[in-house]
Amino acid sequence: MKRLEDIHEISLLLETPIQVTLSLAKRALVGQFTGLWPSPKSTQNWANKNWAPLIKNNVTSYFLRRGLFLFEFTSKDDKDLIFQNGPYFMGPQGLYLNK
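From a predicted model like this one, the values you see are computed outputs, not experimental measurements. (Residues numbered from 1 in each chain as written. Predicted model: local features only at pLDDT ≥ 70, side-chain atom pairs only at ≥ 80, totals over all residues. Heavy atoms only, no water.)

A. Structural detail: the pairing of strand β2 (residues 59-65). Pairing geometry for β2 and strand β3 (residues 68-73), over six bridges, is antiparallel. Residue pairing across strands places Val 59 opposite Phe 73, the latter belonging to β3. Hairpin remark: β2 followed by β3, antiparallel, with two residues in the connecting loop; positive phi at Gly 67, about 90°. (Pairing = 2+ DSSP bridges. Helix = DSSP H or I, 4+ residues; strand = E, 2+ residues; numbered from the N terminus.)

Here's what the structure looks like:
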């Protein structure tokens, strides 16, 4: 039988998850859809088609749960540009700008 003193302890630095979270908060937006929920593929396709020409780097969408997506941008400037030009709505023809 192993003694507690013989078991190696593994610990993660508290700063690492916090740094990752803060970095993501600077470069990501959360999108909420009500009513009909778009598929992850259609949401990513729309972002590539409509946001990619406006931003300098990439955007990746992640399905969080029904109706919620995380849009991760490579840079804070890209995220800010998209945020400042919103909001965005989903209609029968797909997601469109509110302009």
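B. Here's a closer look at the side chain of Ser 75. Of note, Ser 75 is situated in the loop between β3 and α3 (76-84). Overall, the relative accessible area of 18% leaves Ser 75 in the buried class. Polar contacts involving the side chain of Ser 75 include one to the main-chain amide nitrogen of Asp 78, which spans 3.1 Å. Apart from residues no more than four positions distant in its own chain, Ser 75 is found in contact with Arg 27 and Asn 57. (Buried < 20%, exposed > 50% of the residue type's maximum accessible area, 1.4 Å probe, protein only. Polar contact = N/O pair within 3.5 Å; in protein donor to acceptor, adjacent residues only side chain to side chain. Contact = heavy atoms within 4.5 Å.)

C. Expanded view of the nonpolar core. Leu 29, Phe 33, Trp 46, Ala 47, Trp 51, Ile 55, Val 59, Phe 69, Phe 71, Phe 73 and Ile 82 form the largest nonpolar core, which has 11 residues in total. For this core, the elements supplying multiple residues, two or more each, are α2 (40-50) and β3. When residues in this core are grouped by element, the largest group, three residues, is from β3. The residues contacting Phe 73, other than those within four sequence positions of it, are Arg 27, Leu 29, Trp 51, Ile 55, Asn 58, Val 59, Asp 78, Lys 79 and Ile 82. (Core = buried A, V, L, I, M, F, W, Y, C linked by side-chain atoms within 4.5 Å.)

D. Here's a closer look at unusual backbone geometry. In this chain, Gly 86 is followed by Pro 87 through a cis amide linkage whose omega measures 5°. In this structure, Pro 87 sits in the loop between α3 and β4 (88-91).

E. The arrangement of the sheet that holds β3 in detail. In space, the three strands of this open sheet follow the order β1-β3-β2, with antiparallel pairing throughout. One side of each edge strand has no neighbouring strand; the edge strands of this open sheet are β1 (28-32) and β2. Direction aside, neighbouring strands of the sheet carry axes that sit 25° apart on average. Two strands pair when backbone bridges link them, and β1 and β3 are joined in this way by five bridges, in the antiparallel orientation. Along β3, the bridge assignment pairs Ala 28 with Glu 72. Each of β2 and β3 touches α2; the most contacted strand, β2, lies at about 155° to it. (Axes fitted to C-alpha atoms, helices over the stretch in contact; angles between N-to-C directions.)

F. Structural detail: the confidence of the model for the protein chain. On average, residues of the protein chain score 78 in pLDDT, and 75% of them are at 70 or above. Element-level pLDDT for the protein chain is lowest in strand β5 (residues 94-97), with a mean of 48, against a maximum mean of 93 in α3. (pLDDT = per-residue confidence, 0-100.)

G. Structural view of the environment of Phe 89. With respect to the element layout, Phe 89 can be found in strand β4. Overall, Phe 89 belongs to the partly exposed group, its relative accessible area being 38%. Measuring from C-alpha to C-alpha, the distance between Phe 89 and Gln 32 comes to 9.7 Å, with 57 residues separating the pair along the chain.

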